[in-house]
Amino acid sequence: MPRPITLFTGQWADLPFEEVASLASGWGYDGLEIACWGDHLDPWRWDDEEYVAGKLAVLEKYDLKVFTIANHLKGQAVCDDPIDGRHRDILPDVVWGDGDPEGVRQRAAEEMKNTARLAAKLGVKTVSGFTGSAIWKYVAMFPPASEAMVDAGYQDFADRWNPILDVFDEVGVRFAHEVHPSEIAYDYWTTVRTLEAIGHREAFGLNWDPSHMVWQDIDPVAFLWDFRDRIYNVHCKDTKKRLGNGRNGRLSSHLPWADPRRGWDFISTGHGDVPWEDAFRMMNAIGYAGPLAVEWEDAGMDRLVGAPEALEFVRSFAFDPPAAAFDAAFSTKKSGGGGGAAASSTGAHGRPTTPSALDAVAPPG
């Protein structure tokens, strides 16, 4: 069965939820990954049966499903240090309160627990989002950050997120952390360290978004393979690099999105440097069967043009794996009796044809 293609509503939360549902349905999306901001979802109303039923009724009206909900903005505040005016701009009053940093972190943690509860009420098994980070401010390593300071940052993450994940476990929901600059896991090795920090507990997995890896020169396809047991959600977002002219830097010089002096930009899916065909083939290889959420971000294109175009692009690559390897047809054995080509788990040259057999294959690269 083809993986469902959904629209992540985070970049559409300035519009009423029902208007976004109507647009997505008209374009042909299978569902929504619903953001917990704007009027789209309010986690503090997780136990309001009428509220939850109303959201499900809108989805049913437009023949849409929900497989994942997202709470990046409040997740960001759980571990962040410092908490400042940037957070005031993205947090609701119920989380910001009087602005005391520790109070903000604690209220953000409570909202993440409520997000898990709301997901369960909606029949959703995955929440995507950010974690925040007490040590992102050390990324330049100057003034020098000691090993003890970095260790303390990962301990802070574990101390703050384990109680949140306990609630996720209680209600049968998983958290998919989006590996992203400014988070506790922002590249390959910080992802390894983050999983170690929480003891590889199953409630915590990954939201694979290749756009954040491409500009860092991390191979997003190899990432899928190496973390294949932790890929809980997928965002289809693209990045275009504009490096190599001797001026544009990878850190992008605090320039606004779409400024031609930036070293890279988020761009509509299919217009950038993500190796999408290899990525979808790898998703087939690791057996990822979850939703493919188009997260549409492109400061140089109208979203009403880009979102339906991105859907068609993703649909063109989101093919299912074959039932058997093409070279199974070369076999001289007849089907039936347990020895025919159709019953074999390998092709004519002994290559595995099922995802489960890939564990014996060396990783790419």
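Conventions used here
- Residues numbered from 1 in each chain as written.
- Predicted model: local features only at pLDDT ≥ 70, side-chain atom pairs only at ≥ 80, totals over all residues.
- Heavy atoms only, no water.
- Phe/Tyr/Trp six-rings, centres within 6.5 Å; stacked < 30°, edge-to-face > 60°.
- Buried < 20%, exposed > 50% of the residue type's maximum accessible area, 1.4 Å probe, protein only.
- Helix = DSSP H or I, 4+ residues; strand = E, 2+ residues; numbered from the N terminus.
- Lys NZ or Arg CZ within 6 Å of the ring centre and 35° of its normal.
- Disulfide = S-S within 2.5 Å.
- 1 Å grid on protein atoms, 1.4 Å probe; cavity = no way out; pocket = protein on both sides within 12 Å on 5 of 7 lines; lining within 4 Å.
- Points joined across faces, edges and corners; volume = space filled by probe spheres on them.
- Nonpolar A, V, L, I, M, F, W, Y, C, P; charged D, E, K, R; others polar.
- Axes fitted to C-alpha atoms, helices over the stretch in contact; angles between N-to-C directions.
- Parallel < 35°, antiparallel > 145°, perpendicular 65-115°, else oblique.
- Left-handed = near helix turned anticlockwise from the far one by under 90°.
- Contact = heavy atoms within 4.5 Å.

**Looking at the packing of aromatic side chains**
Then, in step 1: The tally for this structure, following the rule as stated, stands at 20 aromatic pairs.
Then, in step 2: Between the aromatic rings of Phe223 and Phe227, the centroid separation amounts to 4.5 Å while the plane-to-plane angle is 40 degrees, which identifies the pairing as tilted. By the burial criterion, Phe223 is buried, and Phe227 matches it.
Then, in step 3: Measuring from ring centre to ring centre gives 6.3 Å for Phe280 and Phe317, while their planes differ by 5 degrees; the resulting arrangement is stacked. You can see Phe280 sitting in helix α11 (residues 276-286) and its partner Phe317 sitting in helix α12 (residues 303-317), a full 37 residues away along the chain.
Then, in step 4: A residue is classified by how much of its surface remains accessible, and Phe317, at 17% relative accessible area, is buried.
Then, in step 5: What links up through ring pairs into an aromatic cluster is the set Phe157, Trp161, Phe168, Phe175 and Phe204.
Then, in step 6: Between Arg228 and the ring centre of Trp225, over which it is positioned, the NZ or CZ distance is 4.1 Å.
Then, in step 7: The side chain of Lys237 reaches across the aromatic face of Phe266, ending 4.1 Å from its centre.

**A closer look at the state of the cysteines**
Then, in step 1: Scanning the model with the defined rule gives 0 disulfides in all.
Then, in step 2: Here Cys36 is not cross-linked by a disulfide; its sulfur's nearest cysteine counterpart is in Cys79, at 18 Å.
Then, in step 3: You can call Cys36 buried: its relative accessible area is 2%.

**Comments concerning the layout of surface pockets**
Then, in step 1: Approximately 1500 Å³ is the volume found for the largest pocket.
Then, in step 2: What lines the largest pocket is a set of 44 residues, among which Trp136, His180, Pro181, Ser182 and Trp257 lie closest to the centre.
Then, in step 3: Only α3 (72-79), α4 (85-88) and β9 (264-267) provide two or more residues apiece to the lining of the largest pocket.
Then, in step 4: Here the lining of the largest pocket is composed, by residue class, of 19 nonpolar, 13 polar and 12 charged.

**Let's talk about the packing of helix α6 (residues 101-122) against helix α7 (residues 147-171)**
Then, in step 1: Interhelical geometry of α6 versus α7 gives an angle of 15 degrees and a closest axis separation of 8 Å. One element, α6, and the other, α7, form an angle in the roughly parallel class. Where α6 crosses over α7, the handedness of that crossing is right-handed. Contacts between α6 and α7 pair Glu102, Arg105, Ala109, Met112, Lys113, Ala116, Arg117 and Ala120 from the former with Arg160, Trp161, Pro163, Ile164, Val167, Phe168 and Val171 from the latter.
Then, in step 2: Grouping the amino acids of the contact of α6 with α7 by side-chain chemistry returns 10 nonpolar, no polar and 5 charged.

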